[in-house]
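Residues per chain, in single letters:
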Amino acid sequence: MTPTVAVLPGDGVGPEVTRAALRVLEACLPVGTREAPVGGAALESTGDPLPAETLALCRESDAVLLGAVGGPRWEDAPVRPEKGLLRLRRELGVFANLRPSRYLGLPTPLREGLARHADILVVRELSSGVYFGEPRELGEDEAVNTWRVTAEEVRRVAEVAFDLARKRRRHVCSVDKANVLETSRLWRRVVTEVAADYPDVQLVHRHVDVASFDILRVPQSFDVILTDNLFGDILSDEAAAVSGAIGVLPSAALGSGPGLFEPVHGPAADLAGQGVVNPVGAILTVGLMLEHAFGRPRIARAIESAVVAALRERRTPDLGGKATTDQVTDAVLRHLEWSRWSADSEEEAAQADWGV
Ligand code: IPM
Ligand code: MN
(Lines give C-alpha, C1' and ligand atoms only; values in the text may rest on other atoms or scores of the structure.)
(Ligands and ions follow the chains in the order given, each with its own letter.)
Protein backbone atom coordinates (compact mmCIF):
# COMPACT_ATOMS: atom_id res chain seq x y z
CA MET A 1 0.00 0.00 0.00
CA THR A 2 1.14 3.50 -0.77
CA PRO A 3 2.26 5.18 2.46
CA THR A 4 0.45 8.35 3.46
CA VAL A 5 2.10 11.51 4.70
CA ALA A 6 0.33 14.39 6.43
CA VAL A 7 2.00 17.62 5.32
CA LEU A 8 1.84 20.54 7.77
CA PRO A 9 3.72 23.45 6.17
CA GLY A 10 3.06 25.87 9.06
CA ASP A 11 4.52 29.38 9.19
CA GLY A 12 7.31 31.53 7.79
CA VAL A 13 9.63 29.52 5.57
CA GLY A 14 7.77 26.30 6.49
CA PRO A 15 5.78 26.11 3.23
CA GLU A 16 8.92 26.67 1.11
CA VAL A 17 11.02 24.01 2.81
CA THR A 18 8.23 21.43 2.89
CA ARG A 19 7.65 21.96 -0.86
CA ALA A 20 11.35 21.27 -1.52
CA ALA A 21 11.33 18.24 0.80
CA LEU A 22 8.27 16.78 -0.91
CA ARG A 23 9.91 17.03 -4.32
CA VAL A 24 12.71 14.85 -2.97
CA LEU A 25 10.36 12.44 -1.16
CA GLU A 26 8.23 11.96 -4.26
CA ALA A 27 11.32 11.24 -6.34
CA CYS A 28 12.19 8.39 -3.96
CA LEU A 29 8.91 6.75 -3.05
CA PRO A 30 5.29 6.94 -4.21
CA VAL A 31 3.41 8.53 -1.31
CA GLY A 32 -0.07 9.89 -0.79
CA THR A 33 0.11 13.37 0.69
CA ARG A 34 -2.55 15.52 2.32
CA GLU A 35 -2.00 19.01 3.66
CA ALA A 36 -3.39 20.65 6.80
CA PRO A 37 -2.79 23.90 8.70
CA VAL A 38 -0.83 24.13 11.97
CA GLY A 39 0.67 26.91 14.11
CA GLY A 40 0.03 30.55 13.23
CA ALA A 41 -1.48 29.61 9.87
CA ALA A 42 -4.09 27.51 11.69
CA LEU A 43 -4.64 30.20 14.33
CA GLU A 44 -5.55 32.67 11.57
CA SER A 45 -7.92 30.35 9.77
CA THR A 46 -9.54 28.51 12.69
CA GLY A 47 -8.48 30.20 15.96
CA ASP A 48 -6.71 26.97 17.04
CA PRO A 49 -3.00 26.25 16.42
CA LEU A 50 -3.85 22.53 16.16
CA PRO A 51 -7.35 22.14 14.69
CA ALA A 52 -9.11 18.81 15.31
CA GLU A 53 -9.07 18.02 11.55
CA THR A 54 -5.29 18.48 11.43
CA LEU A 55 -4.76 16.15 14.36
CA ALA A 56 -7.15 13.56 12.88
CA LEU A 57 -5.28 13.66 9.57
CA CYS A 58 -1.94 13.16 11.35
CA ARG A 59 -3.30 10.24 13.34
CA GLU A 60 -4.51 8.41 10.25
CA SER A 61 -1.30 8.99 8.27
CA ASP A 62 1.86 6.88 8.31
CA ALA A 63 4.09 9.90 8.95
CA VAL A 64 3.85 13.66 9.45
CA LEU A 65 6.08 16.21 7.71
CA LEU A 66 6.07 19.60 9.41
CA GLY A 67 7.74 22.84 8.24
CA ALA A 68 7.97 25.33 11.10
CA VAL A 69 5.66 27.20 13.45
CA GLY A 70 5.69 30.64 15.05
CA GLY A 71 6.95 34.09 14.15
CA PRO A 72 6.95 37.70 15.37
CA ARG A 73 3.35 38.17 14.21
CA TRP A 74 2.11 36.06 17.08
CA GLU A 75 4.60 37.26 19.71
CA ASP A 76 1.84 38.66 21.94
CA ALA A 77 -1.03 36.44 20.83
CA PRO A 78 -3.07 34.94 23.69
CA VAL A 79 -2.42 31.48 22.24
CA ARG A 80 0.99 30.98 20.67
CA PRO A 81 1.52 28.94 17.48
CA GLU A 82 4.16 26.85 19.27
CA LYS A 83 1.37 25.45 21.46
CA GLY A 84 0.05 23.67 18.38
CA LEU A 85 3.36 21.90 17.81
CA LEU A 86 3.76 20.95 21.46
CA ARG A 87 0.23 19.55 21.57
CA LEU A 88 0.82 17.66 18.34
CA ARG A 89 3.96 16.02 19.81
CA ARG A 90 2.01 15.12 22.90
CA GLU A 91 -1.09 13.81 21.07
CA LEU A 92 1.01 11.68 18.72
CA GLY A 93 2.91 10.31 21.72
CA VAL A 94 6.29 10.95 20.10
CA PHE A 95 8.91 10.86 22.84
CA ALA A 96 12.29 10.26 21.19
CA ASN A 97 13.58 13.13 19.10
CA LEU A 98 16.56 12.26 16.90
CA ARG A 99 18.65 15.25 15.86
CA PRO A 100 21.79 14.25 13.96
CA SER A 101 24.53 16.72 13.12
CA ARG A 102 27.67 15.84 11.22
CA TYR A 103 30.28 17.49 9.08
CA LEU A 104 28.92 18.16 5.56
CA GLY A 105 31.94 19.92 4.07
CA LEU A 106 30.57 23.36 4.97
CA PRO A 107 32.44 26.16 6.70
CA THR A 108 31.96 25.80 10.44
CA PRO A 109 32.88 28.01 13.39
CA LEU A 110 34.92 25.08 14.75
CA ARG A 111 38.48 24.21 13.87
CA GLU A 112 38.13 22.16 10.71
CA GLY A 113 40.27 19.33 12.05
CA LEU A 114 37.74 18.85 14.85
CA ALA A 115 34.55 19.35 12.87
CA ARG A 116 35.64 16.99 10.11
CA HIS A 117 35.52 14.00 12.42
CA ALA A 118 32.39 14.97 14.30
CA ASP A 119 29.17 13.01 13.89
CA ILE A 120 26.73 13.61 16.74
CA LEU A 121 23.25 12.25 17.29
CA VAL A 122 21.27 14.11 19.93
CA VAL A 123 18.44 11.97 21.30
CA ARG A 124 16.16 14.43 23.02
CA GLU A 125 13.33 13.38 25.35
CA LEU A 126 10.33 15.09 23.79
CA SER A 127 7.29 14.39 25.93
CA SER A 128 8.06 15.59 29.44
CA GLY A 129 10.29 17.82 31.54
CA VAL A 130 9.69 21.51 32.08
CA TYR A 131 8.01 21.85 28.65
CA PHE A 132 4.92 20.01 29.88
CA GLY A 133 5.01 20.08 33.71
CA GLU A 134 1.95 21.29 35.61
CA PRO A 135 1.24 23.64 37.27
CA ARG A 136 2.45 26.41 35.03
CA GLU A 137 1.36 30.01 35.18
CA LEU A 138 2.32 33.51 34.23
CA GLY A 139 1.32 36.20 36.71
CA GLU A 140 2.19 39.87 36.91
CA ASP A 141 4.98 39.47 39.47
CA GLU A 142 5.56 35.76 39.47
CA ALA A 143 5.71 32.95 36.96
CA VAL A 144 5.82 29.21 37.57
CA ASN A 145 6.94 26.22 35.55
CA THR A 146 7.20 22.69 36.85
CA TRP A 147 9.92 20.24 35.87
CA ARG A 148 8.53 16.74 36.12
CA VAL A 149 9.69 13.43 34.71
CA THR A 150 8.87 9.79 35.42
CA ALA A 151 11.18 6.79 35.45
CA GLU A 152 9.22 5.24 32.59
CA GLU A 153 9.67 8.36 30.44
CA VAL A 154 13.43 8.22 31.00
CA ARG A 155 13.61 4.46 30.42
CA ARG A 156 11.87 4.42 27.04
CA VAL A 157 13.93 7.25 25.55
CA ALA A 158 17.15 5.80 26.98
CA GLU A 159 16.38 2.49 25.25
CA VAL A 160 16.01 4.29 21.92
CA ALA A 161 19.36 6.02 22.44
CA PHE A 162 21.17 2.78 23.35
CA ASP A 163 19.61 0.90 20.43
CA LEU A 164 20.77 3.63 18.05
CA ALA A 165 24.25 3.71 19.63
CA ARG A 166 24.56 0.00 18.76
CA LYS A 167 24.26 0.93 15.10
CA ARG A 168 26.88 3.66 15.49
CA ARG A 169 30.03 3.91 17.61
CA ARG A 170 28.52 2.38 20.76
CA HIS A 171 28.95 5.40 22.97
CA VAL A 172 26.24 7.29 24.88
CA CYS A 173 26.82 10.54 26.73
CA SER A 174 23.87 11.20 29.03
CA VAL A 175 23.51 14.90 29.81
CA ASP A 176 21.79 16.19 32.95
CA LYS A 177 22.20 18.62 35.85
CA ALA A 178 22.30 16.01 38.59
CA ASN A 179 24.32 18.24 40.93
CA VAL A 180 21.29 20.53 41.26
CA LEU A 181 18.05 18.96 39.99
CA GLU A 182 16.12 16.03 41.49
CA THR A 183 14.68 15.31 38.04
CA SER A 184 18.25 14.85 36.83
CA ARG A 185 19.11 12.52 39.68
CA LEU A 186 16.20 10.28 38.68
CA TRP A 187 17.32 10.61 35.06
CA ARG A 188 20.86 9.52 35.90
CA ARG A 189 19.71 6.54 37.98
CA VAL A 190 17.36 5.20 35.30
CA VAL A 191 19.82 5.72 32.43
CA THR A 192 22.42 3.80 34.44
CA GLU A 193 19.92 0.96 34.95
CA VAL A 194 19.10 0.82 31.23
CA ALA A 195 22.81 0.80 30.39
CA ALA A 196 23.16 -2.51 32.28
CA ASP A 197 21.20 -4.15 29.44
CA TYR A 198 23.71 -2.80 26.91
CA PRO A 199 27.12 -3.97 28.15
CA ASP A 200 28.53 -3.42 24.64
CA VAL A 201 27.69 0.30 24.75
CA GLN A 202 29.82 2.68 26.80
CA LEU A 203 27.95 5.20 28.96
CA VAL A 204 29.29 8.44 30.40
CA HIS A 205 27.35 11.07 32.35
CA ARG A 206 28.03 14.77 31.92
CA HIS A 207 26.53 17.85 33.48
CA VAL A 208 24.93 20.07 30.87
CA ASP A 209 27.30 23.00 31.44
CA VAL A 210 30.35 20.82 30.88
CA ALA A 211 28.77 19.06 27.89
CA SER A 212 27.87 22.31 26.19
CA PHE A 213 31.50 23.44 26.29
CA ASP A 214 32.77 20.02 25.18
CA ILE A 215 30.53 20.07 22.09
CA LEU A 216 32.62 23.02 20.92
CA ARG A 217 35.95 21.89 22.40
CA VAL A 218 35.98 18.18 21.45
CA PRO A 219 32.94 17.57 19.19
CA GLN A 220 34.53 14.45 17.71
CA SER A 221 34.44 12.74 21.10
CA PHE A 222 30.61 12.48 21.06
CA ASP A 223 28.52 9.77 19.44
CA VAL A 224 24.98 9.68 20.92
CA ILE A 225 23.98 12.45 23.32
CA LEU A 226 20.96 11.39 25.39
CA THR A 227 19.23 14.24 27.16
CA ASP A 228 16.11 15.87 28.50
CA ASN A 229 13.61 17.99 26.55
CA LEU A 230 14.95 21.47 27.41
CA PHE A 231 18.64 20.51 27.42
CA GLY A 232 18.11 18.73 24.09
CA ASP A 233 16.47 21.78 22.55
CA ILE A 234 19.53 23.86 23.43
CA LEU A 235 22.26 21.31 22.72
CA SER A 236 20.83 20.31 19.33
CA ASP A 237 21.07 23.91 18.13
CA GLU A 238 24.61 24.07 19.51
CA ALA A 239 25.52 20.86 17.69
CA ALA A 240 24.80 22.76 14.45
CA ALA A 241 28.31 24.14 14.90
CA VAL A 242 29.50 20.80 13.53
CA SER A 243 27.40 21.00 10.33
CA GLY A 244 27.83 24.73 9.85
CA ALA A 245 24.24 26.01 10.05
CA ILE A 246 20.93 25.34 11.75
CA GLY A 247 19.31 25.34 8.32
CA VAL A 248 20.83 21.97 7.44
CA LEU A 249 19.74 20.04 10.53
CA PRO A 250 16.94 17.44 10.28
CA SER A 251 14.93 15.79 13.02
CA ALA A 252 12.64 12.84 13.60
CA ALA A 253 10.28 12.40 16.55
CA LEU A 254 9.32 8.80 17.19
CA GLY A 255 6.79 7.06 19.39
CA SER A 256 4.48 4.11 18.91
CA GLY A 257 2.26 5.76 16.26
CA PRO A 258 3.09 7.92 13.23
CA GLY A 259 6.42 9.75 13.50
CA LEU A 260 6.71 13.52 13.29
CA PHE A 261 9.45 14.76 10.98
CA GLU A 262 10.56 18.40 11.03
CA PRO A 263 13.72 20.36 10.36
CA VAL A 264 15.36 21.75 13.51
CA HIS A 265 15.25 25.35 12.26
CA GLY A 266 12.35 27.68 13.00
CA PRO A 267 10.08 29.82 10.80
CA ALA A 268 12.76 32.47 9.97
CA ALA A 269 10.02 35.00 9.16
CA ASP A 270 12.51 37.53 7.75
CA LEU A 271 13.45 35.08 4.98
CA ALA A 272 9.96 33.88 4.13
CA GLY A 273 8.63 34.31 0.61
CA GLN A 274 11.98 35.14 -0.99
CA GLY A 275 12.74 31.65 -2.31
CA VAL A 276 16.19 31.60 -0.72
CA VAL A 277 15.68 29.57 2.44
CA ASN A 278 17.98 26.59 2.88
CA PRO A 279 15.97 23.43 2.04
CA VAL A 280 18.66 21.01 3.26
CA GLY A 281 17.33 20.56 6.81
CA ALA A 282 13.91 19.62 5.40
CA ILE A 283 15.41 17.40 2.68
CA LEU A 284 17.52 15.47 5.20
CA THR A 285 14.37 15.21 7.31
CA VAL A 286 12.78 13.28 4.44
CA GLY A 287 15.81 10.97 4.65
CA LEU A 288 15.02 10.33 8.32
CA MET A 289 11.39 9.66 7.37
CA LEU A 290 12.41 7.12 4.73
CA GLU A 291 14.65 5.39 7.23
CA HIS A 292 12.53 5.43 10.36
CA ALA A 293 8.93 5.51 9.09
CA PHE A 294 9.28 3.52 5.88
CA GLY A 295 12.27 1.25 6.56
CA ARG A 296 14.36 2.51 3.62
CA PRO A 297 17.81 3.24 5.07
CA ARG A 298 19.53 2.87 1.70
CA ILE A 299 17.52 5.65 0.12
CA ALA A 300 18.18 7.74 3.22
CA ARG A 301 21.94 7.26 2.71
CA ALA A 302 21.54 8.16 -0.97
CA ILE A 303 19.78 11.41 -0.01
CA GLU A 304 22.61 12.28 2.39
CA SER A 305 25.23 11.68 -0.28
CA ALA A 306 23.24 13.70 -2.80
CA VAL A 307 23.00 16.58 -0.32
CA VAL A 308 26.75 16.57 0.33
CA ALA A 309 27.43 16.54 -3.42
CA ALA A 310 24.86 19.29 -4.10
CA LEU A 311 26.36 21.50 -1.39
CA ARG A 312 29.68 21.44 -3.19
CA GLU A 313 27.99 23.24 -6.10
CA ARG A 314 25.15 25.27 -4.72
CA ARG A 315 24.59 27.02 -1.41
CA THR A 316 21.86 29.31 -0.14
CA PRO A 317 22.81 32.70 1.39
CA ASP A 318 22.86 31.37 4.98
CA LEU A 319 25.86 29.27 3.88
CA GLY A 320 27.51 32.18 2.10
CA GLY A 321 26.17 31.21 -1.35
CA LYS A 322 23.82 32.84 -3.86
CA ALA A 323 21.64 29.88 -4.83
CA THR A 324 17.87 29.79 -4.44
CA THR A 325 15.89 27.11 -2.61
CA ASP A 326 14.86 25.60 -5.95
CA GLN A 327 18.41 25.53 -7.31
CA VAL A 328 19.70 23.63 -4.29
CA THR A 329 16.75 21.22 -4.48
CA ASP A 330 17.33 20.70 -8.22
CA ALA A 331 20.98 19.89 -7.52
CA VAL A 332 20.02 17.35 -4.85
CA LEU A 333 17.55 15.71 -7.26
CA ARG A 334 20.18 15.57 -10.00
CA HIS A 335 22.67 13.82 -7.71
CA LEU A 336 19.97 11.45 -6.47
CA GLU A 337 19.13 10.53 -10.03
CA TRP A 338 22.80 9.77 -10.61
CA SER A 339 23.09 7.55 -7.54
CA ARG A 340 19.94 5.69 -8.50
CA TRP A 341 21.35 5.12 -11.96
CA SER A 342 24.60 3.76 -10.54
CA ALA A 343 22.77 1.64 -7.93
CA ASP A 344 20.47 0.18 -10.59
CA SER A 345 23.46 -0.85 -12.65
CA GLU A 346 24.81 -2.99 -9.81
CA GLU A 347 23.27 -6.38 -9.85
CA GLU A 348 22.49 -6.97 -6.21
CA ALA A 349 21.03 -3.50 -6.02
CA ALA A 350 18.57 -4.30 -8.78
CA GLN A 351 15.77 -5.10 -6.39
CA ALA A 352 16.77 -1.85 -4.72
CA ASP A 353 14.55 0.21 -2.50
CA TRP A 354 13.59 2.89 -4.96
CA GLY A 355 9.87 3.03 -5.24
CA VAL A 356 9.61 5.34 -8.24
C1 IPM B 1 12.41 22.92 18.30
C2 IPM B 1 11.70 24.21 18.58
C3 IPM B 1 10.48 23.94 19.43
C4 IPM B 1 10.96 23.37 20.75
C5 IPM B 1 9.55 25.14 19.64
C6 IPM B 1 9.11 25.76 18.35
C7 IPM B 1 8.36 24.79 20.48
O8 IPM B 1 12.57 25.12 19.16
O9 IPM B 1 11.77 22.01 17.75
O10 IPM B 1 13.61 22.80 18.60
O11 IPM B 1 11.37 24.12 21.66
O12 IPM B 1 10.93 22.14 20.88
MN1 MN C 1 14.66 24.45 19.22
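Everything in this summary refers to the structure shown in the same document. In this text the structure is predicted, and so the values were computed from the model without any measurement.

**Quick word on the overall build of the chain**
Next, step 1: Counting its regular elements, the chain contains 13 helices and twelve strands.
Next, step 2: Scaling as 2.2 N^0.38, a compact globule of 356 residues should have a C-alpha radius of gyration of about 21 Å, and the chain matches this with 20 Å.
Next, step 3: For the chain, with 356 residues in total, the buried portion stands at 53%.
Next, step 4: Contacts in the chain between residues at least 24 apart in sequence constitute 75% of all its contacts with a sequence separation of at least 6.
Next, step 5: Working note: accessible area of the chain is about 15,700 Å², and carbon and sulfur atoms make up 51% of it.
Next, step 6: Of note, the chain has its 39 positive side-chain charges centred 4 Å away from the centre of its 51 negative side-chain charges.

**A word on the site of ligand 1**
Next, step 1: Lining the immediate surroundings of ligand 1 are Glu 82, Arg 89, Arg 99, Arg 124, Tyr 131 and Asp 233.
Next, step 2: Here an oxygen atom of ligand 1 sits 2.8 Å away from a polar atom, N or O, in the side chain of Arg 99.
Next, step 3: Here an oxygen atom of ligand 1 and a side-chain polar atom of Tyr 131 are 2.5 Å apart.
Next, step 4: For ligand 1, whose free accessible area comes to 320 Å², the fraction covered by protein is 80%.
Next, step 5: Its residues placed into classes, the shell around ligand 1 shows one nonpolar, no polar and five charged.

**Regarding the side chain of Ser 251**
Next, step 1: You can see Ser 251 is positioned in the loop between helix H10 (240–243) and strand S11 (252–254).
Next, step 2: Here the side chain of Ser 251 touches Glu 262 through a polar contact of 2.9 Å, landing on its backbone oxygen.
Next, step 3: Once you skip the residues sitting within four places of it in the chain, Ser 251 turns out to touch Asn 97, Leu 98, Arg 99, Leu 260, Phe 261, Glu 262, Pro 263, Val 264, Thr 285 and Leu 288.

**Structural notes on the nonpolar core**
Next, step 1: Among the nonpolar cores identified, the biggest contains 48 residues, and Leu 290, Ile 303 and Leu 336 are the most heavily contacted of them.
Next, step 2: Mapped onto this core, the elements with two or more residues apiece are strand S1 (4–10), helix H1 (14–28), strand S3 (63–68), helix H11 (280–292), helix H12 (297–313) and helix H13 (325–344).
Next, step 3: Not counting the four nearest positions on each side in its chain, Leu 336 is found in contact with Val 24, Cys 28, Ala 302, Ile 303, Ala 306 and Trp 354.
Next, step 4: Phe 95, Ala 161, Trp 187 and Ala 195 belong to the second-largest nonpolar core, a separate cluster that totals 23 residues.

**Focus on the pattern of salt bridges**
Opposite charge on two side chains makes pairing possible when the charged atoms of those side chains draw close.
Next, step 1: Following the criterion strictly, the structure yields 27 salt bridges and no others.
Next, step 2: Here Glu 193 makes a salt bridge to Arg 189, at a shortest N to O gap of 2.9 Å. With Glu 193 and Arg 189 both in helix H7 (residues 182–195) and four residues apart, the pair spans about one turn of that helix.
Next, step 3: Residue class for Glu 193 comes out partly exposed when judged on its relative accessible area of 38%.
Next, step 4: Residues joined by salt bridges that share partners form a network here, namely Arg 102, Glu 291, Arg 301 and Glu 304.

**Some details on the pairing of strand S10 (residues 224–227)**
Next, step 1: Side chains Val 224 and Leu 226 project from S10 onto one buried face, and the interleaved Ile 225 and Thr 227 project onto a second face that is buried too.
Next, step 2: Where strand S8 (residues 171–176) lies against S10, four bridges are found, and the strand directions are parallel. Along S10, the bridge assignment pairs Val 175 with Thr 227.

Definitions and cut-offs
- Residue indices begin from 1 for each chain and proceed along its sequence in written order.
- Chain letters and ligand numbers both follow the written order, the letters beginning at A and the numbers at 1.
- This being a predicted model, a pLDDT of at least 70 is required before a residue's local features are given, and a value of 80 or more before pairs of side-chain atoms are given or counted; all residues contribute to the totals for chains, interfaces and linings.
- Side-chain metrics in this entry use all non-hydrogen atoms of the structure; hydrogen atoms and water are not considered.
- For the purposes of this entry, the term helix denotes a DSSP run of H or I that reaches at least four residues, the term strand denotes a run of E that reaches at least two, and both are numbered from the N terminus.
- To get the radius of gyration, use the C-alpha atoms; to get the globule rule, take the number of residues to the power 0.38 and multiply by 2.2 Å.
- With a 1.4 Å probe rolled over the protein chains alone, any residue whose accessible area is under 20% of its type maximum counts as buried; one over 50% counts as exposed, and the rest are partly exposed.
- Note on contacts: a residue pair qualifies if any of its non-hydrogen atoms lie within 4.5 Å across the two residues.
- Surface accessibility in these figures is a Shrake-Rupley result with a 1.4 Å probe; residues are shielded only by whichever protein chains are displayed.
- None of His or the chain ends enter the tally, which takes Lys and Arg as positive and Asp and Glu as negative.
- The atom standing in for a charge is NZ when the residue is Lys, CZ when it is Arg, CG when it is Asp and CD when it is Glu.
- For each residue, the test is whether any non-hydrogen atom lies within 4 Å of the molecule or strand; if one does, the residue is near.
- We call two N or O atoms a polar contact when they sit within 3.5 Å, provided that within protein one can donate a hydrogen and the other can accept it, with sequence-adjacent residues counted only if both atoms are side-chain atoms.
- Nonpolar residues are Ala, Val, Leu, Ile, Met, Phe, Trp, Tyr, Cys and Pro. Charged residues are Asp, Glu, Lys and Arg, and all others, Gly as well, are polar.
- By convention a nonpolar core is built from buried Ala, Val, Leu, Ile, Met, Phe, Trp, Tyr and Cys residues, the set being connected through side-chain atoms within 4.5 Å.
- Salt bridges are identified by distance alone: a Lys or Arg side-chain nitrogen within 4 Å of an Asp or Glu carboxyl oxygen.
- Strand pairing is assigned whenever DSSP detects at least two bridges linking the two strands.

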